[in-house]
Amino acid sequence: KQEVTQIPAALSVPEGENLVLNCSFTDSAIYNLQWFRQDPGKGLTSLLLIQSSQREQTSGRLNASLDKSSGRSTLYIAASQPGDSATYLCAVVNSGYALNFGKGTSLLVTP
Amino acid sequence: DAGVIQSPRHEVTEMGQEVTLRCKPISGHDYLFWYRQTMMQGLELLVYFNNKAVMDDSGMPKDRFSAKMPNASFSTLKIQPSEPRDSAVYFCASSSSMAGMNTEAFFGQGTRLTVV
């Protein structure tokens, strides 16, 4: 059974810092990995999708990397802003197409 | 497309009552997922469909939960009878498969269910 772990569970940084969120998974036979953002009381917003054949994806200030062999992904956020405060969730897809989620990292960016 | 649409957004019901949650996936998506989110367990997969057929419902308590997808644009998740431990946020999501790879999953805004 796929296990997805996100470290740290919570993170507080001052505005302007670059930061890295970590995701690890136990079964490396994945189809893809997706990073989501969830604001309090809201749904999940897709940030980046990395297919198993890819090493990284970039969108604006976000960069996600994937190392399948070691079962790891990182989400890099450059020049963090208070508006980046949210919970960030990592999800992996194995055969069957359903997403397996980690518990998330709660990020607070202080002005 | 308006995205994945769920209704109702909030539902408060008494223990023992029947509850029906509804979902309209993104047009053209052939995968539909129902997830439940709680503080303790995080996001758990309850059931998912591919082309309206149930692919995996192992996460769903089948004595009280049932899920249907009568057509490509509509799905329901029914709980009967409801219990306080069913209180959670229920999310519906959809995605599509192209050339053997599935694309991004998009989530609805969720239904917050409270069973008193």
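See the structure above.
Undergrad: Now, about the side chain of B:Ser82: what can you tell me, with residues and values included?
TA: All names here are of chain B. Among the structural elements, Ser82 can be located in the loop between β8 (74-79) and β9 (88-95). Of the polar contacts made by the side chain of Ser82, one reaches the backbone oxygen of Gln17; its length is 2.8 Å. Here Ser82 is in contact with Thr13, Glu14, Met15, Gly16, Gln17, Val19, Arg64 and Val115, once residues within four sequence places are set aside.

Undergrad: Describe in detail the sheet that holds strand β1 (residues 4-7) of chain A, supporting the description with residues and values.
TA: Residues and elements named next belong to chain A. Judged by pairing direction, the sheet is antiparallel, and its five strands sit side by side in the order β1-β3-β8-β7-β6 without closing on themselves. On the outer flanks of this sheet lie β1 and β6 (56-59), each paired with one strand and no other. Between one strand axis and the next, the sheet turns through 15° on average, direction left out of account. Both β1 and strand β3 (residues 19-25) contribute to a ladder of four bridges, which runs antiparallel. Within β3, the residue paired with Thr5 across the bridge is Ser24.

Undergrad: Outline the packing of aromatic side chains, supporting the account with residue identities and numerical values.
TA: A full pass over the atoms with the stated rule returns 10 aromatic pairs over all chains. When the ring of A:Phe101 is compared with that of B:Phe107, the centres are 5.9 Å apart and the planes differ by 80°; the resulting orientation is edge-to-face. Placement of the pair is A:Phe101 in strand β10 (residues 99-101) and B:Phe107 in strand β12 (residues 106-107), with the two residues belonging to separate chains. When sorted by exposure, A:Phe101 lands in the same class as B:Phe107, which is buried. Linked through ring pairs, A:Phe36, A:Phe101, B:Tyr31, B:Phe33, B:Tyr35, B:Tyr48, B:Phe91 and B:Phe107 together constitute an aromatic cluster.

Reading guide: rules and limits
- Residues numbered from 1 in each chain as written.
- Chains lettered and ligands numbered in written order.
- Predicted model: local features only at pLDDT ≥ 70, side-chain atom pairs only at ≥ 80, totals over all residues.
- Heavy atoms only, no water.
- Helix = DSSP H or I, 4+ residues; strand = E, 2+ residues; numbered from the N terminus.
- Polar contact = N/O pair within 3.5 Å; in protein donor to acceptor, adjacent residues only side chain to side chain.
- Contact = heavy atoms within 4.5 Å.
- Pairing = 2+ DSSP bridges.
- Axes fitted to C-alpha atoms, helices over the stretch in contact; angles between N-to-C directions.
- Phe/Tyr/Trp six-rings, centres within 6.5 Å; stacked < 30°, edge-to-face > 60°.
- Buried < 20%, exposed > 50% of the residue type's maximum accessible area, 1.4 Å probe, protein only.

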